[in-house]
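Residues per chain, in single letters:
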Amino acid sequence: MQPENLSEHPEHSRLPMSFPDIQAHRPLSVMQYREFSREQFSIPQQCFGPQENIYKLLALNTHIADELLKNLWQQSQMPDRAAALVAVGGYGRRELFPGSDIDLMILLDEACDDTTKQKVEAFLTLLWDIKFPVAQSVRTLKDCLGEAKNDVTVMTSLMEHHYLSGNRELYDRLTALIRSSKLWPSKKYFKEKSEELVNRHHKFGDTANHLEPNVKENPGSLRDLHTLQWLTHRHFHTRCFEELVPSNFLTDRETLALRETYTTLARIRFALHLHTGRGEDRLLFDYQHDVATLLGFTEADRNQRVEAFMQCFYRATNQASTLVEVIIKRLQSSIFPSLLRRRARPVNARFQIRGNQLEARHSGIFEQNPPAILELFWLLQEHDQLTGPSDALIRLLLDHLDRIDETFRNDTCNREMFISILNHPVTNVREIRRMAQLGVLGRYWPSFDAVTGRMQFDLYHIYTVEEHTLRVFENACQFSRPASTNESAAYHDVFTQTPKALILYLAALFHDIAKGREGDHSELGAAEARSFCLHHNLSSFDANLVSWLVENHLVMSMTAQHHDASDPQVLKKFAENVGNLTRLHYLYLLTIADIQGTNPKLWNSWRSTLLSDLYQNTSMYLHHGLDSPVEPRELIQEVKESALRSLAKLGYRREKCLGFWQELEEDYFLRHSDDEVVRQVSAIFGRASEEDVVVSIHQYSARGATEIFIYCNDRNYLFAHIVSTLSRLGLTVVHARIITSRKGHALDTFLVLGEDQGPISDKHQCTIVESKLAETLRNPHRISISFNNKLPRKIRELRVPVQVNFEHDMQHAYTTMELRAPDFSGLLASLGKAFMDCSVSIHNARISTLGERVHNIFQLSTLDNLPLDSQQQQALTQAVLDALQ
């Protein structure tokens, strides 16, 4: 986008239009030039404000750089015919941001002598000494030709240039060289830059809707607009998008949209550079609030201010993505006109197929017949070999989006068509995403438009609401396809037990649709889902089922990850809420689709196993019948008998096992499977001496993580020593069961994940972990507690609250502490340090994580085995807050 004429800028009078006269004055010193440069570049920064014209600010910045460089070039006394000073790249197109490098090329005459080369070196040295942020190159015309021919990036940089000083004739020869169609013909250039754009999009996950986007490089970012400008410039030899309107290549509406999008993104990048004081293009959580303030967002609530700002950003990038894709497609047809010469094959009175694209048979189809808007996507499903609509058809569609109004939404045929598209067994994902990209889905379903670009203020989601919704929908649809992996095949098997795929698809689309509204988004979304379903002629039964799934879409993940699902009471409560197997099948699949679509890094074998176990156990519970649940006493006896049979085969007598189990609370057998009991008893009975510690590692446990079992005499600060050691070894504790026997022995089980978020895969590492833990337990006096005293920046910026609650356990004379807090590496070690500082002993604990949050329960006492009084509770609360905030 070309900046406007600088002379129109109101701050023009403040420009230093008279630089030092090298004939009349002594040259400035390095320090004087450095200070002078800093003062001049501060002018556009001081001018920046919510209403300031970004084009003029960029032009002002560019003008200052031009004048400074011209003056310095004159100071160098370069021979007039020897070289030319040329601005290239972003600086060459007069788009100089506060933190941008100043792309500079010194173009040498082929016949330049050593004296000229020495002066060039002195000139560049001066730029470096005064800390001028240049990215320089020194080339001859021959060098330019060779490097541009071999590297499209060099070619692109040279295409954007303006003259600064020196040999003007040499500069004009460069211009002629770059304009030549023999060097990178438009067809070749189009193919190379299009592939570059696709690869860059893949690098960023094909979406700009990350919560910490890159303003310059993400899909829909400034680089996409630059790419479009390069492509049209190479083919049409135009300098700006406005020049493409008279030829009808672009419409006035498209040109205006491109300018508005560029203005929004350029203002954000300018403010981001100002705030960070450098060329930072990542819009990190740390910067978003202050950048929003610089841009004039004034919402009183911090999160609301950031949310409003980021929604503005995401809407701009979404619009840019659509515009760039449509116009590049149009440009492709112009560069490769043979695509348009193929014979068209009529589909019906409104549409035809040409090659692999769907076209309109006449320009009035949407004006005369608005339902053809949805028919377009339905036809693409019926003819799934097509790559999509032609650029002319997309242009028509975008010009008629306003035809999707309340009358359109209430039309029976349109409602049936939408459900048909949504329920297509093969291409529903492709077309629903296309409808979202082109703005059709948001017009037909206004609630979707409302969440487009909306952030989610947590560490769990990495996408905006609408991008997350589309990914969850895609995951749900994937369950309908047979899969090769065991895990995916298991989900497909569950899917085949659901009566209607449409129920799952609608629940996936509606589960977060009420995000950002006042009230519980699950309840609000459930009410809207039911209304939508009834409006689209689903039965009351189906509408109620979709509504129930939306309202309860978090329940299964919360139960699996925040509670002990092996506890009969927990299982009973969950099963009663679910009620029947049909609901269970749907909820299980929706939960998996939701987590997988939230953050790919969060889905691991541990969470998969948690949900699978809860699903299987609930399924058995529902088969058994809600009216005749299995009593805890029966479950305990079942675990014991099964474990005794296995232990007998290993040579351990029944009496010895029962005698040992007298030391344990019955709760132990509810919290451990029979296999776990067998492994732990075998490890304890197999130790060398009564006083020896036991560290037993089961590399691949049934729970999807590596199981570490520790048995030793309980002592003060044992928990802190263990979790500190695990933290130093780079292991993440996802679950822990801390148990103290009646004789004062600790039976602690930790489920851990390695750095790849899976079980420890290396047996040698297991040996190292076992050795380090044993050394820690045998020599506690040698251990220094390590902990993370610096909160990760994302948690710090999102200000996730820490909640600490206490209750008195009358049965055991313990104090129960419940902790809800953001999860981060080293949290347990920090927590252990807080317990140590407050002289607190841990007798039992349940530790679990849910994405970015932990929900831990500890049974605590003083070192004298007394409950914590109110003063001690307050001191511990403060210590925990200091450690975790």
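All figures in this text were calculated on a predicted structure; none of them were measured in a lab. (Residues numbered from 1 in each chain as written. Predicted model: local features only at pLDDT ≥ 70, side-chain atom pairs only at ≥ 80, totals over all residues. Heavy atoms only, no water.)

## Observations concerning the overall build of the chain
Of the regular secondary structure elements, the chain holds 38 helices and 16 strands. In terms of overall dimensions, the chain has C-alpha extents of about 105 × 75 × 50 Å along its principal axes. Among the 885 residues that make up the chain, the fraction classed as buried is 56%. Summarising the internal contacts of the chain: among those between residues at least 6 apart in sequence, 71% fall at separations of at least 24. Split by element, the accessible area of the chain, about 38,100 Å² in all, is 48% carbon and sulfur. Looking at charge distribution, the chain has the averaged site of its 96 positive side-chain charges lying 5 Å from that of its 111 negative ones. (Helix = DSSP H or I, 4+ residues; strand = E, 2+ residues; numbered from the N terminus. Buried < 20%, exposed > 50% of the residue type's maximum accessible area, 1.4 Å probe, protein only. Contact = heavy atoms within 4.5 Å. Areas by Shrake-Rupley, 256 points an atom, 1.4 Å probe, with all protein chains shown as cover. Lys, Arg positive; Asp, Glu negative; His and termini not counted. Charge placed at Lys NZ, Arg CZ, Asp CG, Glu CD.)

## Description of the confidence of the model for the chain
Per-residue pLDDT for the chain has a mean of 88; in total, 92% of the residues score no lower than 70. Between residues 2–25, whose pLDDT stays under 50, and residues either more than four places distant or in other chains, the model counts 44 contacts. (pLDDT = per-residue confidence, 0-100.)

## Remarks on the environment of glycine 625
Along the chain, the position of glycine 625 falls in the loop between α29 (605–624) and α30 (632–649). Glycine 625 gets classed as buried once you look at its relative accessible area, which sits at 17%.

## Re the nonpolar core
The biggest cluster of nonpolar side chains holds 102 residues, and the ones touching the most others in it are Leu69 and Phe123. With 13 residues, the top contributor of residues to this core is helix α12 (residues 302–335). If we skip the residues at most four places from it in the chain, phenylalanine 123 touches Leu69, Leu72, Trp73, Ser76, Leu85, Leu104 and Ile106. If you look at the next biggest cluster of nonpolar residues, it comprises 96 residues, including Leu397, Leu438, Ala543 and Leu589. (Core = buried A, V, L, I, M, F, W, Y, C linked by side-chain atoms within 4.5 Å.)

## Structural notes on the packing of aromatic side chains
If you walk through the whole model with that rule in mind, you get 30 aromatic pairs. By the ring-pair criterion, three or more aromatic residues cluster together here, those being Phe408, Phe418, Tyr444, Trp445, Phe448, Phe510 and Phe532. Above the face of the tyrosine 163 ring, arginine 168 is positioned so that its terminal group lies 4.5 Å from the ring centre. Sitting over the ring of tryptophan 184, lysine 188 keeps its end group 4.4 Å from the ring centre. (Phe/Tyr/Trp six-rings, centres within 6.5 Å; stacked < 30°, edge-to-face > 60°. Lys NZ or Arg CZ within 6 Å of the ring centre and 35° of its normal.)

## Describing the sheet that holds strand β6 (residues 351–354)
Ordered by their spatial adjacency, four strands build an open sheet running β5-β6-β7-β8, and the pairing between neighbours is mixed. Single-partner strands in this sheet number two, and they are β5 (344–346) and β8 (388–389). Two strands pair when backbone bridges link them, and β6 and strand β7 (residues 357–360) are joined in this way by four bridges, in the antiparallel orientation. Opposite arginine 354, over in β7, you have glutamine 357 as the bridge partner. (Pairing = 2+ DSSP bridges.)

## Quick look at helix α2 (residues 54–75)
Look at α2: 32 Å from first C-alpha to last across 22 residues, which is about the 32 Å you get at 1.5 Å a residue. Counting buried positions over the 22 residues of α2 gives 20, a clear majority of the element. In this structure asparagine 53 caps α2, since a side-chain oxygen of it lies 2.9 Å from the backbone nitrogen of tyrosine 55. Just downstream of α2 lies glutamine 77, where phi reads positive at about 55°. (Expected span 1.5 Å × (residues − 1). Polar contact = N/O pair within 3.5 Å; in protein donor to acceptor, adjacent residues only side chain to side chain.)

## With respect to helix α21 (residues 465–478)
With 14 residues, α21 extends 20 Å between its outermost C-alpha atoms, agreeing within 8% with the 20 Å of an ideal straight helix rising 1.5 Å per residue. Within α21, eleven of the 14 residues are buried, which leaves it mostly tucked inside the rest of the structure. Three or more residues of α21 are buried, namely Val465, Glu466, Glu467, His468, Thr469, Leu470, Val472, Phe473, Asn475, Ala476 and Cys477. The inward-facing, buried residues of α21 contact α12, α17 (412–422), α18 (428–437), α20 (446–451), α23 (501–510) and α28 (581–596).

## What to know about the side chain of glutamate 375
Considering the arrangement of structural elements, one finds glutamate 375 in helix α14 (residues 372–382). Since its relative accessible area comes to 10%, glutamate 375 is described here as buried. Within the local environment of glutamate 375, its side chain forms a polar contact with the side chain of arginine 350, the two groups lying 2.7 Å apart. Excluding anything up to four places from it in sequence, glutamate 375 contacts Asn348, Arg350, Phe351 and Met417.

## Quick word on the pairing of β6
Side chains of β6 alternate between two faces, with Phe351 and Ile353 and Gln352 and Arg354 buried alike. In this structure, β5 lies alongside β6, joined through three bridges in antiparallel fashion. The residue of β6 that forms the bridge with alanine 344 is arginine 354. With antiparallel pairing between neighbouring strands as the criterion, β5 and β6 make up a hairpin whose turn holds four residues. Counting the residues that bridge the hairpin from β6 to β7 gives two residues, and of these glycine 355 lies at a positive phi of roughly 65°.

## Side note on the packing of helix α9 (residues 222–236) against helix α10 (residues 252–276)
Two elements in contact, α9 and α10, have axes whose closest approach is 10 Å; the angle formed by their N-to-C orientations is 135°. Our classification of the angle between α9 and α10 gives oblique. The handedness of the crossing between α9 and α10 comes out as left-handed. Along the contact surface, α9 presents Leu222, Leu225 and Leu228, while α10 presents Leu258, Thr261, Tyr262, Leu265, Ala266 and Arg269. The class makeup of the residues in the contact of α9 with α10 is seven nonpolar, one polar and one charged. (Axes fitted to C-alpha atoms, helices over the stretch in contact; angles between N-to-C directions. Parallel < 35°, antiparallel > 145°, perpendicular 65-115°, else oblique. Left-handed = near helix turned anticlockwise from the far one by under 90°. Nonpolar A, V, L, I, M, F, W, Y, C, P; charged D, E, K, R; others polar.)

## Here we look at the sheet that holds strand β4 (residues 161–166)
Within the open sheet, the four strands sit side by side as β3-β2-β1-β4. Their pairing is mixed. Two strands bound the open sheet, and with one partner strand each, they are β3 (134–140) and β4. The average angle at which neighbouring strand axes cross in this sheet is 25°, direction not considered. When strand β2 (residues 102–108) meets β3, the two strands line up parallel, connected through seven bridges. Its bridge partner lying in β3, isoleucine 102 is registered against valine 134. Along the sheet, helix α7 (residues 168–179) contacts β1 (83–88), β2 and β4; its crossing angle with β4, the most-contacted strand, is approximately 160°.

## Notes on the packing of helix α27 (residues 568–578) against α28
Taken N-terminus to C-terminus, the directions of α27 and α28 make an angle of 105°; their axes are 8 Å apart at the nearest point. Taken together, α27 and α28 sit at an angle that is classed as roughly perpendicular. Mapping the contact onto sequence places Phe574, Asn577 and Val578 in α27 and Arg583, Leu584 and Leu587 in α28. Each residue belonging to the contact of α27 with α28 can be placed in one class, and the counts come to four nonpolar, one polar and one charged.

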